[in-house]
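Geometric and topological summary
The lines below spell out each chain.
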Amino acid sequence: MSIIEADGLTKTYSTRSGTVHALAGLDLSVPEGSVKGLLGPNGAGKTTTVKVLNTLIKPDSGTATVDGIDVASDPQGVRRVIGASGQYAAVDENLTGLENLEMVGRLYHLGRRKSRARAKELIEAFDLSAAGNRPVKGFSGGMRRRIDLAGALVNRPRILFLDEPTTGLDPASRLGLWETISDLVKGGTTVLLTTQYLEEADYLADHISVIDSGHVIAEGTADELKAQIGGHRVVVTLVNESDSGVSREILSRHGSGEINVGDGGRKLDVVVDHGPSALQAVLSDLGEAQIALHDAGMQRPTLDDVFLTVTGHRAEDNEDEKEAS
Ligand SMILES: Nc1ncnc2c1ncn2[C@@H]1O[C@H](COP(=O)(O)OP(=O)(O)OP(=O)(O)O)[C@@H](O)[C@H]1O
Ligand SMILES: [Mg+2]
């Protein structure tokens, strides 16, 4: 059996503007020692799923077990085996990094001395020694994320829930955190993480579940998901926009499906069955038509293409919404 299992979870909220089905029959299964990525746009139900599994909220219906323990009948038991960090994590701004971690230890009844020792150990492991004795309110975004993750590890959990662990971090801090998470996984920890970053899911997750409107709409490894939506794309960039029409016609001869046009009509791409031979054919026809090229090549589908195909919009659109709201 999988170490995390959810079957038919539902959760409805009544708000002033109506009823929201945060979870609408969500199923999930995470094998022990693996990383599952929950990918989905804003409001998809990612945080709600994590909150049900880490026993912060109860579902309206459906069942879930963590390490074989039922979240509804034994929430205490679940909390003993998990660590959680993320959007809802409570860090006391006025306490230092060290004090915050000590406090978590006390919450787990580690005792004063053990709590302090564990806090020190984590401060060092997370490269926070210089900041350990400063109040968290002066921490940078990256330091906050690290203290948050460290807090989730105080009780040496075998199962870790990470809700958008790197949102808002700069690329270097993000990579650092990815490495930390990878190390934990090498040590045998099972991780369920939510993210809006496709590269993050691609880098960290063994399996990905794409969530929209409270249920899973696609799942598999990153490669499987990419394979589901077809083979390569052939991409060409023209020197002259005036060649766009003819080029479009040539691409449609060798491709299948819609032709994407960008960059003011100069960049065109199309999905093809066999990348190398389609690219050769396209180049040969473009050459015959004496069309000058800036660039030409083929691309494998990205997780972003998967996202677009299954949700109907690009992942970056959500980022824009998030910034706007
Ligand atoms: N306490 C609540 N009261 C009312 N509605 C809620 C509550 N919690 C969540 N919702 C709604 O449930 C839906 C799912 O929310 P959830 O936070 O799980 O989404 P999410 O996928 O984590 O989104 P994000 O990427 O923005 O974090 C949203 O429409 C949200 O507005
Ligand atoms: Mg969320």
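Summarised in this report is the structure supplied together with it. Just so it is clear, the structure is predicted and the values come from calculations on it, not from any experiment.

One non-glycine residue, Thr55, lies in the positive phi region at around 70 degrees. Tracing the backbone through its elements, the reader meets Thr55 in the loop between α1 (46-53) and β4 (61-66). You will see that Ser213, though not glycine, has its phi angle at about 50 degrees, which is positive. The exposure class assigned to Ser213 is partly exposed, which follows from its relative accessible area of 47%.

Grouped burial of nonpolar side chains is what soluble globular proteins tend to show. Counting 42 residues, the largest nonpolar core has Leu101, Leu149, Leu160, Ile208 and Leu303 as the members making the most contacts within it. Beyond its immediate chain neighbours, meaning those up to four positions away, Leu303 contacts Leu198, Ala201, Asp202, Ile208, Ala222, Leu225 and Lys226. Counting 25 residues, the second largest nonpolar core, distinct from the first, contains Ala6, Ile57, Val66 and Ile159.

Within the open sheet, the four strands sit side by side as β2-β1-β4-β5. Their pairing is antiparallel. With one partner strand each, in any of the chains shown, β2 (18-30) and β5 (69-70) form the two edges of the open sheet. Where strand β1 (residues 4-15) and β2 come together, 10 bridges link them in antiparallel fashion. Residue pairing in the sheet places Ile4 in a bridge with Val30 of β2. Each of β1, β2 and β4 is contacted by α1, which is oriented at about 65 degrees to β2, the strand it contacts most.

Reading guide: rules and limits
- Residues numbered from 1 in each chain as written.
- Chains lettered and ligands numbered in written order.
- Predicted model: local features only at pLDDT ≥ 70, side-chain atom pairs only at ≥ 80, totals over all residues.
- Heavy atoms only, no water.
- Helix = DSSP H or I, 4+ residues; strand = E, 2+ residues; numbered from the N terminus.
- Buried < 20%, exposed > 50% of the residue type's maximum accessible area, 1.4 Å probe, protein only.
- Core = buried A, V, L, I, M, F, W, Y, C linked by side-chain atoms within 4.5 Å.
- Contact = heavy atoms within 4.5 Å.
- Pairing = 2+ DSSP bridges.
- Axes fitted to C-alpha atoms, helices over the stretch in contact; angles between N-to-C directions.

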